[in-house]
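# Survey of secondary and tertiary structure
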Amino acid sequence: MALRGGILALDIATVTGWAVASPEYIRSWSPGLVIPEGQRTKLGISCGVKSLAVHGSDRPAKLAAFEDWLNDLIKTHGIRMLAYEAPLVRNQGTARLTFGLCAIAEACGSRVNASISEAHVSAVKMQATGKGKAEKSEMINAANCRGWDVYDDNIADALWLLDLACDVVTEGGTAFNK
């Protein structure tokens, strides 16, 4: 898959983990690539969290804030592929918000003609730990072993999703749902 722009990976939730890879990073990516300490940003990876908790229980405000933030992120980084982790929800309130956030992510990606992919949670965990079930601490530990200097499970998930997306783009993997 030829890609002319960056990849954005999202672990979508009220606290959304995100990770972006520049085209330069994608071209230099290889399976198991370890980032030297302090070199993540220099090599073209950005990551962080976006918290929607500041909006309390106001679902429409959370959705609007997410859309504004995501449009800015996509524009800033020239995103041409957007990957997100398939949501797992346990109750109706969470489902409405989470599926709304996913729909917004797809719409934002569509507006810039980005390739949009969804990965199952177990595929992301498999990428990180070699097994389809992993605890948050295992995901963080595996990310730190790759040199990503991660302190938050949302960021760890986003980075592993980004790694999975790089695998798909450069190696022709098929880990994403259509």
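Our subject in this report is the structure included herewith. Position numbers for residues count from 1 along each chain, tracking the sequence in the order it is written. Whole-chain, interface and lining totals are the exception, using all residues; otherwise, since this is a predicted model, local features are given only for residues with pLDDT of at least 70 and side-chain atom pairs are given and counted only at 80 or more. With hydrogens and water excluded, all non-hydrogen atoms of the structure serve as input to the side-chain values.

### What about the pattern of salt bridges?
Short version of the rule: Whenever a carboxyl oxygen of Asp or Glu lies within 4 Å of a side-chain nitrogen of Lys or Arg, that contact is scored as a salt bridge.
Counted under the stated rule, the structure contains four salt bridges. Here E138 ties to K131 by a salt bridge, and the two come within 2.7 Å at their closest N and O atoms.

### Observations regarding helix α3 (residues 92–111)
Inclusion rule: We count a stretch as a helix when DSSP gives it H or I for four or more residues in a row; a strand needs E for two or more, and each element gets its number in order from the N terminus. What a helix is expected to span follows from its residue count: subtract one and scale by 1.5 Å. By definition, residues are in contact when any of their heavy atoms lie within 4.5 Å. Pairs of N or O atoms within 3.5 Å make up the polar contacts considered here, provided that, within protein, one atom can donate a hydrogen while the other can accept it, and that residues adjacent in sequence are counted only when both atoms are side-chain atoms.
With 20 residues, α3 should reach 28 Å at 1.5 Å per residue; the first-to-last C-alpha distance of 28 Å fits that figure. Contact partners of the buried residues in α3: β1 (6–11), α2 (59–77), β4 (79–85) and β5 (115–119). Taking the backbone nitrogen of T94 as reference, a side-chain oxygen 2.7 Å away marks N91 as the first, capping residue of α3. Two residues or fewer past α3, N113 is found with a positive phi of approximately 60°.

### Structural notes on the nonpolar core
Keep this limit in mind: Here, the term nonpolar core denotes a set of buried Ala, Val, Leu, Ile, Met, Phe, Trp, Tyr and Cys residues that are joined through side-chain atoms within 4.5 Å. Using a 1.4 Å probe on the protein chains alone, a residue whose accessible area is under 20% of its type maximum counts as buried, one over 50% counts as exposed, and one in between counts as partly exposed.
Ranked by size, the top nonpolar core spans 32 residues in total, and within it I7, L159, W160 and L162 carry the most contacts. Top element by residues in this core is helix α6 (residues 153–171). It accounts for 11 residues. If you look at the next biggest cluster of nonpolar residues, it comprises 21 residues, including L10, I12, I74 and C102.

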